[in-house]
Amino acid sequence: MPANNPLWLRVVLRLERAIGEPIESAVRSDTYFDVVSKTTRVRRTVVGTAEGVSRRCLHLLNLPAGSDIRSMRQQLARMERRLNRLSDEVSELDEPGPRSGVR
Amino acid sequence: MNPRVPSTLSPGDLLGRVNRDVERSILRARNGIRYVRGTHRPALGVTPKEVIWKSGKAELWRYQGGDRRYGPPVVIVHSLVSRSYILDLRPGNSTVEYMTGAGLDVFMLDWGVPDELDADNDLERYVDWYLPRALAEARRVSGHQEVTLAGYCLGGVLAALYAAGHEGANVRNLILMATPVDFSEMGAMVALLREGRLDPDQMIDDTGNVPADALYSGFYMLAPTTEVAQKATLLENLWNDEFVEGFQAMATWSRDHVPFPGAAFRQLVELLVRQNILTTGSMPLSGRQVELGNVQGNVLNAMAERDNVVPPAAVEPVMQLVGDPTRREELRLPGGHVTFGTGRTAFKHTMPQLTGWIIDHSDPPS
């Protein structure tokens, strides 16, 4: 901390360290890890349940749900990835360049 | 009494100090308004460059502007979790600009911003597909058969695996900048995954990638209160245009993470984090074992002593594992993880020492 800092800044920086150090220790603790992993699981369960309910409601009305669109986007992305790989392989056959081989 | 004001100030000095404080207050007000409005943001990554190769989101850039006196070319392999402009942050504060100015022929392999189409990208895709092709192009345009390969953070892991896993890789110099090898030393963020409390699939979203927000939160939680200290320091220095510009540039970069491709993330967690496989000196890749000891050429293991993202303890085993023991060198730099790109220590220590080492291990100008 530079000595020529004004008093207010030195106080803020000291205060930040006084509060920050215990927080940084806390976020490295087992308790924090447990809380994070449990929160993540609970959030996924809640979101999954809510999505399931809304999906059933929308399907009753013969409407697509967000998860249908998502799954369609994933399928399209998979197909596009496969096309890209094929296109890469074809261009490799057309223009074999000097490259290192695997060891 | 204000301890900063000596009691023996003459009336002239006092008037000068009052004038200075008034001027600074005006500048603070002006810069404060600009900061809040978000105008006058600094231009980032502006060293002139041309795209010389592209595949998917990956691009190889060649930087312009310098007199290319030394060979072989320096190819920087960037990490998969952050934006590459950290190494070319602002004019006058850019590693890339410094190196090109010193006469090096600098290339950057940038991975772009992954989306759904990149979810299947695994480590093999980076090491055995993108890298050989990008480097072949760098060799072609530079006219050199060899390269100096410099990997930053996870980019260093990719660079080391490439150099070790390819016959005729022709890597004269391998520079590993803050490259983690011992993932048991990687701290809290990685511990959650290592201990199995967090499953990699829990972090992967609908696009098949780990969202950038999740990565940002992980880095943020390493030191959640430092933002207060940073903002207070900004307030004190708000009159200083140069300081404000540097602050804005760093703040932009530190929030600007990119999604991590899901397939590579699963592999990273299973092999590098849970099995800590790099510490064995060998890693399976595309059905073969890549031995890190097979790296030919000189190896420079550069680490930052105050790095809390990749601590020195995670980097140190490079000195026992990568390449020929007689050709390994270690460079310890003051500063944190970003000292490889920006900051006072970067300009004073990192840029001159890295550039000097590369020049010492390059061909002299013909």
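Residues numbered from 1 in each chain as written. Chains lettered and ligands numbered in written order. Predicted model: local features only at pLDDT ≥ 70, side-chain atom pairs only at ≥ 80, totals over all residues.

*Asks:* Help me understand the overall build of chain A in this model?
*Replies:* Helix and strand content of chain A: three helices and one strand. Helices and strands appear in chain A in the N-to-C order α-α-α-β. Relative to a compact globule of 103 residues, whose C-alpha radius of gyration would be 13 Å, chain A shows 27 Å and is clearly more extended. Taking the principal axes of the C-alpha coordinates as reference, chain A spans close to 65 × 60 × 30 Å. Relative to its full complement of 103 residues, chain A shows a buried share of 1%. (Helix = DSSP H or I, 4+ residues; strand = E, 2+ residues; numbered from the N terminus. Rg over C-alpha atoms; globule rule 2.2 N^0.38 Å. Buried ≥ 20, exposed ≤ 12 C-beta atoms within 10 Å, placed from the backbone.)

*Asks:* Mind showing me how you'd approach the overall build of chain B here?
*Replies:* Helix and strand counts for chain B come out as 13 helices and 13 strands. Against the compact-globule benchmark of 21 Å for 366 residues, chain B has a radius of gyration of 22 Å, which places it among compact chains. With the C-alpha coordinates of chain B rotated into their principal frame, the extents come out at 80 × 55 × 35 Å. Within the span of chain B, comprising 366 residues, buried residues form 44% of the whole.

*Asks:* Teacher, can you tell me more about the packing of helix H3 (residues 123-142) of chain B against helix H4 (residues 154-165) of chain B here?
*Replies:* When two helices pack together, their arrangement is given by the angle between the helix axes and by the axis-to-axis distance. All names here are of chain B. Between H3 and H4, the least distance of the axes is 9 Å, while the angle of their chain directions is 80°. The angle between H3 and H4 places the two elements in the roughly perpendicular class. Contact with H3, carried on its side by Tyr126, Val127 and Leu131, involves Leu158, Leu161, Tyr162 and Gly165 of H4 and no other residues of that element. (Axes fitted to C-alpha atoms, helices over the stretch in contact; angles between N-to-C directions. Parallel < 35°, antiparallel > 145°, perpendicular 65-115°, else oblique. Contact = placed C-beta atoms within 7 Å.)

*Asks:* How should the pairing of strand S5 (residues 147-152) of chain B be read in this particular structure?
*Replies:* One face of the sheet, then the other: side chains in a regular strand alternate in exactly this way. Residue and element names in this part refer to chain B. Counting buried positions over the six residues of S5 gives six, a clear majority of the element. Alternating positions in S5 separate into two faces, Val147, Leu149 and Gly151 on one and Thr148, Ala150 and Tyr152 on the other, with burial throughout. Looking at chain direction, strand S3 (residues 74-77) and S5 are connected through four bridges and run parallel. Its bridge partner lying in S5, Ile76 is registered against Ala150. Pairing geometry for S5 and strand S7 (residues 171-177), over six bridges, is parallel. Among the inter-strand pairings, Gly151 is bridged to a residue of S7, identified as Leu176. (Pairing = 2+ DSSP bridges.)

*Asks:* How should the interface of chain B and chain A be read in this particular structure?
*Replies:* The extent of an interface is frequently quoted as the accessible surface area lost upon association of the parts. Counting residues at the interface gives 35 residues for chain B, matched by 30 residues for chain A. Residue assignment for the side of chain B that touches chain A shows that the elements contributing at least two residues are H3, strand S6 (166-167), helix H5 (188-194) and helix H8 (226-236) of chain B. Of all the elements, H8(B) adds the most residues to the side of chain B that touches chain A, at six residues. Considering only residue class, the side of chain B that touches chain A consists of 15 nonpolar, ten polar and ten charged. By the bridge criterion, two bridges tie strand S1 (residues 101-102) of chain A to S6(B) in an arrangement that is antiparallel. (Nonpolar A, V, L, I, M, F, W, Y, C, P; charged D, E, K, R; others polar.)

*Asks:* What am I meant to see in the nonpolar core here?
*Replies:* Within soluble globular proteins, side chains that are nonpolar generally end up buried alongside one another. Residues and elements named next belong to chain B. Formed by 99 residues in total, the largest nonpolar core has its most connected members in Ile76 and Ala160. Among the elements that make up this core, the one with the highest residue count is H4 (nine residues). What Ile76 contacts, discounting residues up to four positions off in sequence, is Leu87, Val106, Phe107, Met108, Leu109, Ala150 and Tyr152. (Core = buried A, V, L, I, M, F, W, Y, C linked by C-beta atoms within 7 Å.)

*Asks:* Is there a simple way to think about the domain arrangement of chain A in this case?
*Replies:* When the domains of chain A are assigned, the result is domain 1 (1-61) and domain 2 (64-92). Centre-to-centre, using C-alpha coordinates, domain 1 of chain A lies 34 Å away from domain 2 of chain A. (Domains from an automatic or database assignment.)

*Asks:* Please clarify how unusual backbone geometry should be interpreted in this entry.
*Replies:* All names here are of chain B. A cis amide bond links Gly71 to the next residue, Pro72, at an omega of 0°. Residue placement: Pro72 occurs in the loop between strand S2 (58-63) and S3. Its identity is not glycine, yet His40 carries a phi of approximately 55°, on the positive side. Looking at the element boundaries, His40 is found in the loop between helix H1 (11-37) and strand S1 (49-55). A positive phi angle is found at Asn276, which is not glycine, with a value near 45°. Here Asn276 lies in the loop between helix H10 (262-274) and strand S10 (282-285). Residue classification places Asn276 among the partly exposed positions, given that 17 C-beta atoms sit within 10 Å.

*Asks:* What am I meant to see in helix H13 (residues 344-360) of chain B here?
*Replies:* For an α-helix the count is 3.6 residues per turn, leaving residues at separations of three or four pointing the same way. All names here are of chain B. Compared with an ideal rise of 1.5 Å per residue, which puts 17 residues at 24 Å, H13 spans 24 Å between its outermost C-alpha atoms and is within 8% of the ideal. For H13, the principal kink sits at Thr350 and spans about 35°; a proline, Pro352, occurs within the next four residues. When H13 is considered as a whole, its buried residues turn out to be Ala346, Thr350, Met351, Leu354, Thr355 and Ile358. Buried residues along H13 sit in contact with S3, helix H2 (95-101), S5, S7, strand S12 (298-304) and strand S13 (328-333). (Expected span 1.5 Å × (residues − 1). Bend = angle between axes of the 7 residues up to and from the residue.)

*Asks:* What am I meant to see in the confidence of the model for chain B here?
*Replies:* Note: predicted coordinates in regions of low pLDDT should not be interpreted at a detailed level. Chain-level statistics for chain B give a pLDDT mean of 92 and a share of 98% at 70 or above. For this predicted complex, the interface score ipTM comes out at 0.78, alongside a pTM of 0.89. (pLDDT = per-residue confidence, 0-100.)

*Asks:* Help me out: how do you make sense of the confidence of the model for chain A in this one?
*Replies:* When pLDDT is averaged across chain A, the result is 87; 92% of the residues are at 70 or more. Per-element averaging of pLDDT across chain A places S1(A) at the bottom with 74 and helix H1 (residues 7-26) of chain A at the top with 93.

*Asks:* Looking at this model, I keep getting lost on the sheet that holds S1(B). Mind explaining?
*Replies:* Strands belonging to one sheet form pairs held by backbone hydrogen bonds; the direction of such a pair is parallel or antiparallel. Residue and element names in this part refer to chain B. Taken in spatial order, the eight strands of this open sheet run S1-S2-S4-S3-S5-S7-S12-S13, and their pairing is mixed. On the outer flanks of this sheet lie S1 and S13, each paired with one strand and no other. Taking the axes of each pair of neighbouring strands and ignoring which way they run, one obtains an average angle of 20° across the sheet. Two strands pair when backbone bridges link them, and S1 and S2 are joined in this way by six bridges, in the antiparallel orientation.

*Asks:* Explanation requested: the environment of Glu16(A) in the structure shown.
*Replies:* Among the structural elements, Glu16(A) can be located in helix H1. The exposure class of Glu16(A) is partly exposed, given the 19 C-beta atoms found within 10 Å. C-alpha separation for the pair Glu16(A) and Glu80(A), spaced 64 residues apart in sequence, amounts to 49 Å. The contact partners of Glu16(A), leaving out residues within four places of it in the chain, are Thr225(B), Val228(B) and Ala229(B).

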